[in-house]
Amino acid sequence: TNSGTVLAANANREYALLVNDSDTIVYLDFGGAAVVNEGIRLNDRGGWYEMIKGAGNVYTGRIEAIHNGSGNKLLLVTEGT
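Below: a short report on this structure. (Residues numbered from 1 in each chain as written. Predicted model: local features only at pLDDT ≥ 70, side-chain atom pairs only at ≥ 80, totals over all residues. Heavy atoms only, no water.)

1. Description of unusual backbone geometry
Logical step 1: In this structure, Asn37 is a non-glycine residue whose phi angle is positive, near 70 degrees.
Logical step 2: Position of Asn37 relative to the elements: it lies in the loop between β3 (26-30) and β4 (40-42).
Logical step 3: A residue is classified by how much of its surface remains accessible, and Asn37, at 59% relative accessible area, is exposed.
Logical step 4: In this structure, Arg45 takes a positive phi of about 55 degrees despite not being glycine.
Logical step 5: Along the chain, the position of Arg45 falls in the loop between β4 and β5 (48-52).
Logical step 6: When its relative accessible area of 61% is taken as the criterion, Arg45 is described as exposed. (Helix = DSSP H or I, 4+ residues; strand = E, 2+ residues; numbered from the N terminus. Buried < 20%, exposed > 50% of the residue type's maximum accessible area, 1.4 Å probe, protein only.)

Listed below in structure tokens is the structure:
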């Protein structure tokens, strides 16, 4: 329920995949603290966001996430350089 860093800034990032493997919605923020109901929404049970260098949508700064459920949640993160 608090914003936390899921990917540190990485100037060499060329790919990233974030998959919400939990039972509640997760929100992403690029560069700042994540806030519930703002930023990029990852739906529960498989919502995902993918960044691909060739698509021109790779963000190389810090990425944070937050959820508004209870307890710990699971966000799967893959990064390629």
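Moving on from the coordinates now.
2. Quick look at the layout of surface pockets
Logical step 1: Within this model, the largest pocket holds a volume of roughly 160 Å³.
Logical step 2: What lines the largest pocket is Thr1, Asn2, Gly4, Thr5, Val6, Val26, Ala65, Ile66, His67, Lys73, Leu74 and Leu75.
Logical step 3: For the lining of the largest pocket, the elements supplying multiple residues, two or more each, are β1 (4-7) and β6 (63-67). (1 Å grid on protein atoms, 1.4 Å probe; cavity = no way out; pocket = protein on both sides within 12 Å on 5 of 7 lines; lining within 4 Å. Points joined across faces, edges and corners; volume = space filled by probe spheres on them.)

3. Points about the sheet that holds β3
Logical step 1: Taken in spatial order, the four strands line up as β1-β6-β3-β4 in an open sheet, and their pairing is antiparallel. Pairing within the sheet leaves two strands with one partner each, and these edge strands are β1 and β4. Averaged over all neighbouring strand pairs, the angle between strand axes comes to 35 degrees, with direction disregarded. (Pairing = 2+ DSSP bridges. Axes fitted to C-alpha atoms, helices over the stretch in contact; angles between N-to-C directions.)

4. So, the side chain of Arg13
Logical step 1: By the secondary structure assignment, Arg13 is in the loop between β1 and β2 (15-20).
Logical step 2: For Arg13, the side chain forms a polar contact with the side chain of Glu79, separated by 2.7 Å.
Logical step 3: Setting aside anything within four residues of it in sequence, one finds Arg13 in contact with Leu7, Ala8, Met51, Val58, Tyr59, Thr60, Gly61, Ile63, Glu79, Gly80 and Thr81. (Polar contact = N/O pair within 3.5 Å; in protein donor to acceptor, adjacent residues only side chain to side chain. Contact = heavy atoms within 4.5 Å.)

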